[in-house]
Amino acid sequence: MCKQWTEKHHDTRTLSRLKVGGYHNRHVLVTGCDSGFGQRTVIKLDNLGFKVFAGCLTEDGKKYLSQNCSKSVVPFLLDVRSNESIQSALDLVKQHLPENTGLWGLVNNAGILVTMAPTELCTKSEYLTSMDVNLFGLIEMTRSFLPLIRKCQGRIINTSSWAGRLACLAPVYVLSKYGVEAYSDILRREMYTTGIKVSIVEPGGFTTPISSGEKILESVQKAYDQASEDIQSVYKVFVENFFKRILVVQGSSNLDLVVDTYIHGLTSRFPRTRYTPGNDSKFLYIPISYLPTCLADWILKYNLK
(Lines give C-alpha, C1' and ligand atoms only; values in the text may rest on other atoms or scores of the structure.)
Protein backbone atom coordinates (compact mmCIF):
# COMPACT_ATOMS: atom_id res chain seq x y z
CA MET A 1 0.00 0.00 0.00
CA CYS A 2 2.89 2.33 0.85
CA LYS A 3 4.42 1.58 -2.55
CA GLN A 4 1.14 2.37 -4.33
CA TRP A 5 0.83 5.71 -2.49
CA THR A 6 4.45 6.60 -3.32
CA GLU A 7 3.95 5.83 -7.00
CA LYS A 8 0.70 7.83 -7.13
CA HIS A 9 2.33 10.79 -5.31
CA HIS A 10 5.27 10.65 -7.74
CA ASP A 11 2.89 10.65 -10.72
CA THR A 12 1.03 13.66 -9.33
CA ARG A 13 4.25 15.62 -8.82
CA THR A 14 5.39 14.72 -12.33
CA LEU A 15 2.13 15.98 -13.84
CA SER A 16 2.38 19.23 -11.85
CA ARG A 17 5.76 19.94 -13.46
CA LEU A 18 4.39 19.84 -17.02
CA LYS A 19 4.17 23.39 -18.40
CA VAL A 20 1.84 24.96 -20.95
CA GLY A 21 4.64 26.80 -22.82
CA GLY A 22 4.21 29.64 -25.28
CA TYR A 23 4.37 32.30 -22.56
CA HIS A 24 5.14 35.08 -25.03
CA ASN A 25 1.71 34.65 -26.58
CA ARG A 26 -0.22 34.55 -23.32
CA HIS A 27 -1.82 37.54 -21.60
CA VAL A 28 -2.43 37.73 -17.84
CA LEU A 29 -4.18 40.33 -15.69
CA VAL A 30 -3.12 40.77 -12.05
CA THR A 31 -4.93 42.98 -9.51
CA GLY A 32 -3.41 44.65 -6.45
CA CYS A 33 -0.01 45.30 -8.03
CA ASP A 34 1.10 48.34 -6.01
CA SER A 35 3.21 46.22 -3.67
CA GLY A 36 3.58 42.80 -2.08
CA PHE A 37 2.45 39.64 -3.86
CA GLY A 38 0.93 41.43 -6.85
CA GLN A 39 3.97 43.55 -7.66
CA ARG A 40 6.37 40.61 -7.40
CA THR A 41 4.07 38.45 -9.50
CA VAL A 42 4.03 40.99 -12.32
CA ILE A 43 7.83 41.23 -12.34
CA LYS A 44 8.19 37.45 -12.36
CA LEU A 45 5.65 37.00 -15.18
CA ASP A 46 7.45 39.71 -17.15
CA ASN A 47 10.76 37.85 -16.74
CA LEU A 48 9.09 34.66 -17.98
CA GLY A 49 7.89 36.44 -21.11
CA PHE A 50 4.17 36.86 -20.41
CA LYS A 51 2.21 39.89 -21.56
CA VAL A 52 0.88 41.37 -18.32
CA PHE A 53 -1.87 43.83 -17.44
CA ALA A 54 -1.05 45.15 -13.97
CA GLY A 55 -3.90 46.77 -12.03
CA CYS A 56 -2.67 49.34 -9.50
CA LEU A 57 -4.70 51.39 -7.04
CA THR A 58 -2.18 54.25 -6.95
CA GLU A 59 -0.12 56.29 -9.37
CA ASP A 60 3.01 55.35 -7.40
CA GLY A 61 2.36 51.66 -7.97
CA LYS A 62 1.76 52.23 -11.66
CA LYS A 63 4.93 54.33 -11.96
CA TYR A 64 7.08 51.72 -10.20
CA LEU A 65 6.09 48.97 -12.62
CA SER A 66 6.50 51.26 -15.63
CA GLN A 67 10.08 51.95 -14.55
CA ASN A 68 11.01 48.39 -13.54
CA CYS A 69 9.34 46.20 -16.16
CA SER A 70 9.59 45.71 -19.90
CA LYS A 71 7.10 47.00 -22.45
CA SER A 72 5.26 43.67 -22.16
CA VAL A 73 3.75 45.00 -18.92
CA VAL A 74 0.85 47.45 -19.12
CA PRO A 75 0.31 49.08 -15.70
CA PHE A 76 -3.02 50.84 -15.27
CA LEU A 77 -5.15 52.28 -12.49
CA LEU A 78 -7.75 49.89 -11.10
CA ASP A 79 -10.08 50.11 -8.13
CA VAL A 80 -11.89 46.78 -7.81
CA ARG A 81 -14.55 48.46 -5.65
CA SER A 82 -15.72 50.46 -8.67
CA ASN A 83 -17.72 48.91 -11.52
CA GLU A 84 -16.73 51.87 -13.69
CA SER A 85 -13.03 51.23 -13.01
CA ILE A 86 -13.45 47.55 -13.84
CA GLN A 87 -15.25 48.41 -17.09
CA SER A 88 -12.42 50.79 -18.03
CA ALA A 89 -9.94 47.98 -17.34
CA LEU A 90 -11.92 45.63 -19.58
CA ASP A 91 -11.92 48.20 -22.40
CA LEU A 92 -8.16 48.72 -22.02
CA VAL A 93 -7.44 44.98 -22.13
CA LYS A 94 -9.59 44.52 -25.22
CA GLN A 95 -7.73 47.35 -26.95
CA HIS A 96 -4.34 45.73 -26.27
CA LEU A 97 -5.27 42.13 -27.06
CA PRO A 98 -4.55 40.94 -30.61
CA GLU A 99 -7.61 40.14 -32.71
CA ASN A 100 -9.39 36.89 -31.77
CA THR A 101 -7.17 36.53 -28.70
CA GLY A 102 -8.43 36.04 -25.17
CA LEU A 103 -7.01 36.43 -21.68
CA TRP A 104 -4.99 33.45 -20.46
CA GLY A 105 -5.11 34.29 -16.77
CA LEU A 106 -6.75 36.44 -14.12
CA VAL A 107 -5.01 36.68 -10.74
CA ASN A 108 -7.41 38.20 -8.21
CA ASN A 109 -4.78 39.31 -5.75
CA ALA A 110 -6.17 42.66 -4.49
CA GLY A 111 -7.11 42.56 -0.82
CA ILE A 112 -7.27 44.52 2.43
CA LEU A 113 -7.14 43.78 6.13
CA VAL A 114 -9.47 46.32 7.73
CA THR A 115 -9.18 45.25 11.36
CA MET A 116 -8.42 42.24 13.54
CA ALA A 117 -10.63 43.41 16.39
CA PRO A 118 -13.03 40.87 18.00
CA THR A 119 -16.63 40.69 16.76
CA GLU A 120 -18.23 42.96 19.36
CA LEU A 121 -15.84 45.79 18.49
CA CYS A 122 -16.40 45.57 14.71
CA THR A 123 -18.88 47.77 12.86
CA LYS A 124 -21.10 47.04 9.88
CA SER A 125 -19.16 49.53 7.77
CA GLU A 126 -15.92 47.62 8.44
CA TYR A 127 -17.49 44.38 7.24
CA LEU A 128 -18.77 46.11 4.10
CA THR A 129 -15.39 47.73 3.41
CA SER A 130 -13.66 44.36 3.64
CA MET A 131 -16.26 42.57 1.51
CA ASP A 132 -16.16 45.30 -1.13
CA VAL A 133 -12.52 44.58 -1.96
CA ASN A 134 -11.84 41.01 -0.87
CA LEU A 135 -15.05 39.43 -2.20
CA PHE A 136 -17.31 41.67 -4.27
CA GLY A 137 -14.39 43.18 -6.19
CA LEU A 138 -13.06 39.69 -6.92
CA ILE A 139 -16.49 38.54 -8.10
CA GLU A 140 -17.00 41.53 -10.39
CA MET A 141 -13.53 41.19 -11.89
CA THR A 142 -14.16 37.51 -12.60
CA ARG A 143 -17.61 38.10 -14.05
CA SER A 144 -16.37 40.90 -16.31
CA PHE A 145 -13.34 39.08 -17.72
CA LEU A 146 -14.79 35.57 -17.93
CA PRO A 147 -15.74 35.86 -21.64
CA LEU A 148 -12.13 36.73 -22.53
CA ILE A 149 -10.79 33.90 -20.35
CA ARG A 150 -13.20 31.46 -21.98
CA LYS A 151 -11.65 32.22 -25.38
CA CYS A 152 -8.34 30.75 -24.16
CA GLN A 153 -9.74 28.12 -21.81
CA GLY A 154 -7.54 29.96 -19.35
CA ARG A 155 -6.94 30.26 -15.62
CA ILE A 156 -8.55 32.08 -12.71
CA ILE A 157 -6.55 32.32 -9.48
CA ASN A 158 -8.37 33.67 -6.44
CA THR A 159 -6.49 34.74 -3.34
CA SER A 160 -8.13 33.52 -0.16
CA SER A 161 -6.29 32.73 3.09
CA TRP A 162 -5.97 30.06 5.75
CA ALA A 163 -8.60 32.25 7.41
CA GLY A 164 -11.01 31.19 4.67
CA ARG A 165 -10.81 27.64 6.01
CA LEU A 166 -10.58 28.17 9.76
CA ALA A 167 -12.71 30.81 11.50
CA CYS A 168 -10.54 32.18 14.28
CA LEU A 169 -9.93 35.86 15.09
CA ALA A 170 -10.26 38.76 12.62
CA PRO A 171 -13.99 38.25 11.88
CA VAL A 172 -14.13 41.10 9.34
CA TYR A 173 -11.35 39.50 7.30
CA VAL A 174 -12.44 35.90 7.85
CA LEU A 175 -15.99 36.43 6.55
CA SER A 176 -14.71 37.90 3.29
CA LYS A 177 -12.29 35.01 2.78
CA TYR A 178 -14.93 32.37 3.52
CA GLY A 179 -16.91 34.06 0.75
CA VAL A 180 -13.93 33.75 -1.62
CA GLU A 181 -13.71 30.04 -0.86
CA ALA A 182 -17.41 29.43 -1.51
CA TYR A 183 -17.48 31.52 -4.69
CA SER A 184 -14.34 29.85 -6.04
CA ASP A 185 -15.66 26.34 -5.36
CA ILE A 186 -18.91 27.14 -7.16
CA LEU A 187 -17.08 28.76 -10.07
CA ARG A 188 -14.63 25.86 -10.44
CA ARG A 189 -17.46 23.34 -10.66
CA GLU A 190 -19.37 25.49 -13.14
CA MET A 191 -16.26 25.74 -15.32
CA TYR A 192 -15.58 21.99 -15.50
CA THR A 193 -16.96 21.66 -19.04
CA THR A 194 -15.36 24.86 -20.38
CA GLY A 195 -11.69 23.98 -19.87
CA ILE A 196 -11.16 26.95 -17.53
CA LYS A 197 -9.16 26.05 -14.42
CA VAL A 198 -9.93 27.79 -11.11
CA SER A 199 -7.36 27.72 -8.29
CA ILE A 200 -7.54 29.05 -4.73
CA VAL A 201 -4.44 30.30 -2.91
CA GLU A 202 -4.63 30.09 0.89
CA PRO A 203 -1.51 31.80 2.30
CA GLY A 204 -0.43 31.68 5.89
CA GLY A 205 0.92 34.74 7.66
CA PHE A 206 3.16 36.94 5.51
CA THR A 207 4.57 40.38 6.17
CA THR A 208 3.11 42.68 3.51
CA PRO A 209 2.02 46.35 3.50
CA ILE A 210 -1.60 45.36 4.24
CA SER A 211 -0.68 43.14 7.18
CA SER A 212 2.07 45.00 8.99
CA GLY A 213 2.05 44.69 12.77
CA GLU A 214 1.77 48.46 13.17
CA LYS A 215 -1.41 48.70 11.06
CA ILE A 216 -2.98 45.75 12.86
CA LEU A 217 -2.28 47.29 16.27
CA GLU A 218 -3.68 50.65 15.16
CA SER A 219 -6.91 49.07 13.89
CA VAL A 220 -7.51 47.10 17.08
CA GLN A 221 -6.68 50.10 19.31
CA LYS A 222 -9.08 52.28 17.31
CA ALA A 223 -11.91 49.76 17.67
CA TYR A 224 -11.22 49.45 21.41
CA ASP A 225 -11.13 53.22 21.95
CA GLN A 226 -14.48 53.68 20.19
CA ALA A 227 -16.22 51.15 22.45
CA SER A 228 -18.09 52.10 25.61
CA GLU A 229 -16.37 51.75 28.99
CA ASP A 230 -18.45 48.67 29.80
CA ILE A 231 -17.33 46.94 26.61
CA GLN A 232 -13.73 48.05 27.13
CA SER A 233 -13.69 46.42 30.55
CA VAL A 234 -14.64 43.09 28.92
CA TYR A 235 -11.86 43.23 26.33
CA LYS A 236 -9.09 44.99 28.27
CA VAL A 237 -7.06 41.85 28.98
CA PHE A 238 -7.70 40.42 25.50
CA VAL A 239 -6.41 43.57 23.80
CA GLU A 240 -3.32 43.74 26.04
CA ASN A 241 -2.45 40.10 25.31
CA PHE A 242 -3.16 40.59 21.62
CA PHE A 243 -0.74 43.51 21.47
CA LYS A 244 1.99 41.49 23.18
CA ARG A 245 1.52 38.59 20.79
CA ILE A 246 1.56 40.71 17.63
CA LEU A 247 4.88 42.21 18.71
CA VAL A 248 6.35 38.70 19.05
CA VAL A 249 4.74 36.82 16.16
CA GLN A 250 5.92 37.92 12.73
CA GLY A 251 4.73 36.60 9.36
CA SER A 252 7.10 35.18 6.79
CA SER A 253 8.99 37.70 4.66
CA ASN A 254 9.46 35.21 1.82
CA LEU A 255 6.72 36.50 -0.46
CA ASP A 256 7.92 34.26 -3.29
CA LEU A 257 6.23 31.32 -1.56
CA VAL A 258 2.91 32.89 -2.54
CA VAL A 259 4.09 34.32 -5.86
CA ASP A 260 5.32 30.89 -6.96
CA THR A 261 1.85 29.42 -6.42
CA TYR A 262 0.40 32.09 -8.72
CA ILE A 263 3.04 31.24 -11.32
CA HIS A 264 2.37 27.51 -11.02
CA GLY A 265 -1.36 28.05 -11.40
CA LEU A 266 -0.73 29.98 -14.62
CA THR A 267 2.01 27.83 -16.14
CA SER A 268 1.26 24.24 -15.12
CA ARG A 269 -0.75 22.04 -17.45
CA PHE A 270 -2.32 20.58 -14.31
CA PRO A 271 -2.75 23.42 -11.77
CA ARG A 272 -3.86 22.54 -8.27
CA THR A 273 -7.30 23.28 -6.93
CA ARG A 274 -5.79 24.72 -3.75
CA TYR A 275 -2.37 26.05 -2.76
CA THR A 276 -1.32 26.57 0.85
CA PRO A 277 1.92 28.59 0.88
CA GLY A 278 3.51 29.07 4.29
CA ASN A 279 4.29 26.46 6.93
CA ASP A 280 1.62 27.81 9.31
CA SER A 281 -1.07 27.39 6.67
CA LYS A 282 0.14 24.01 5.44
CA PHE A 283 0.98 22.33 8.73
CA LEU A 284 -1.20 24.10 11.34
CA TYR A 285 -4.31 26.00 10.26
CA ILE A 286 -5.46 23.85 7.34
CA PRO A 287 -4.94 20.56 9.25
CA ILE A 288 -6.93 21.97 12.20
CA SER A 289 -9.77 22.80 9.80
CA TYR A 290 -10.15 19.08 9.04
CA LEU A 291 -10.53 18.11 12.71
CA PRO A 292 -13.89 17.46 14.39
CA THR A 293 -15.36 20.74 15.59
CA CYS A 294 -15.04 19.90 19.29
CA LEU A 295 -11.34 19.09 18.91
CA ALA A 296 -10.61 22.17 16.79
CA ASP A 297 -12.44 24.34 19.33
CA TRP A 298 -10.42 22.83 22.16
CA ILE A 299 -7.12 23.65 20.40
CA LEU A 300 -8.19 27.16 19.42
CA LYS A 301 -9.55 27.94 22.88
CA TYR A 302 -6.04 27.90 24.31
CA ASN A 303 -4.73 29.84 21.34
CA LEU A 304 -7.29 32.58 21.99
CA LYS A 305 -6.39 32.73 25.66
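This is a predicted model, so every value here is computed, not measured. (Residues numbered from 1 in each chain as written. Predicted model: local features only at pLDDT ≥ 70, side-chain atom pairs only at ≥ 80, totals over all residues. Heavy atoms only, no water.)

S.K.: It is not clear to me how the overall build of the protein should be interpreted in this structure. Could you clarify?
M.R.: What the protein contains, in helices and strands, is 11 helices and 7 strands. Taking 19 Å as the expected radius of gyration for a compact globule of 305 residues, we find that the protein reaches 20 Å, a close match to that expectation. Along the three orthogonal principal directions, the C-alpha set of the protein runs to about 65 × 55 × 35 Å. Within the protein, buried positions represent 48% of all 305 residues. (Helix = DSSP H or I, 4+ residues; strand = E, 2+ residues; numbered from the N terminus. Rg over C-alpha atoms; globule rule 2.2 N^0.38 Å. Buried < 20%, exposed > 50% of the residue type's maximum accessible area, 1.4 Å probe, protein only.)

S.K.: Sorry if this is basic, but what is going on with the pattern of salt bridges here?
M.R.: Going through the model one piece at a time under the given rule, you end up with 10 salt bridges. The partner of R188 in a salt bridge is D185, with the nearest N and O atoms 2.7 Å apart. With a gap of 3 residues between them, R188 and D185 both fall in helix α6 (residues 171-190), about one helical turn apart. The two residues R188 and D185 agree in class, both being buried. In this structure, the salt-bridge partner of K236 is E240, at a minimum N-O distance of 2.7 Å. In this pair, K236 and E240 both sit in helix α8 (residues 229-248), 4 residues apart, roughly one turn of the helix. Note on E240: relative accessible area 37%, which makes it partly exposed. (Salt bridge = Lys/Arg side-chain N within 4 Å of Asp/Glu carboxyl O.)

S.K.: Explain α6 here, please?
M.R.: An α-helical segment advances 3.6 residues per turn. Residues three or four places apart therefore align on the same side. If you check α6, its first and last C-alpha atoms are 29 Å apart, about what 20 residues at 1.5 Å a residue would give, namely 28 Å. Most of α6 is tucked away: 14 of the 20 residues are buried. (Expected span 1.5 Å × (residues − 1).)

S.K.: Where do I start with the layout of surface pockets in this structure?
M.R.: Empty space among the atoms becomes apparent when a probe as large as a water molecule is rolled across them. Space inside the second largest pocket adds up to approximately 210 Å³. Elements with a minimum of two residues in the lining of the second largest pocket: α9 (256-267) and α10 (279-289). Counting residues per element, the lining of the second largest pocket draws most heavily on α9, at 4 residues. Counted by class, the lining of the second largest pocket contains 3 nonpolar, 5 polar and 3 charged residues. (1 Å grid on protein atoms, 1.4 Å probe; cavity = no way out; pocket = protein on both sides within 12 Å on 5 of 7 lines; lining within 4 Å. Points joined across faces, edges and corners; volume = space filled by probe spheres on them. Nonpolar A, V, L, I, M, F, W, Y, C, P; charged D, E, K, R; others polar.)

S.K.: Help me out: how do you make sense of the nonpolar core in this one?
M.R.: It is characteristic of soluble globular proteins that their nonpolar side chains tend to be buried jointly. Judged by nonpolar contacts, the single largest core of 30 residues is most densely connected at L29, F53, V93, L103, M141 and F145. Secondary-structure elements contributing two or more residues to this core are β3 (73-77), α4 (83-96), α5 (124-152) and α6. For this core, the element with the most residues is α5, which contributes 9 residues. Apart from the residues lying within four places of it in its own chain, the contact partners of L29 are F53, F76, V93, L103, G105, L106, V107, M141 and F145. (Core = buried A, V, L, I, M, F, W, Y, C linked by side-chain atoms within 4.5 Å. Contact = heavy atoms within 4.5 Å.)

S.K.: Help me understand the pairing of strand β1 (residues 27-30), please; the structure alone is not making it clear to me.
M.R.: Residues in a regular strand project their side chains so that they alternate between the two faces of the sheet. A two-sided burial pattern is seen for β1, the buried positions comprising H27 and L29 on one face and V28 and V30 on the other. Here β1 pairs with strand β2 (residues 51-56) via 4 bridges, running parallel. If you follow V30 over to β2, its bridge partner there is A54. Assessed by its sense of winding, the connection that carries the chain from β1 through helix α2 (residues 36-48) to β2 is right-handed. Direction of pairing for β1 relative to strand β4 (residues 105-108): parallel, over a ladder of 3 bridges. Looking across to β4, one finds that L29 is bridged to L106. (Pairing = 2+ DSSP bridges. Right-handed = clockwise from strand over helix to strand, strands pointing away.)

S.K.: Where do I start with the state of the cysteines in this structure?
M.R.: Taken as a whole and judged by the stated rule, the model has 0 disulfides. The thiol sulfur of C69 is not disulfide-bonded, and the nearest other cysteine sulfur, from C33, lies at 9.2 Å. For C168, which is in no disulfide, the shortest distance to another cysteine sulfur is to C122 and amounts to 14 Å. Given the relative accessible area of 10%, C168 is considered buried. (Disulfide = S-S within 2.5 Å.)

Interpretation in functional terms is not warranted from these geometric data alone.
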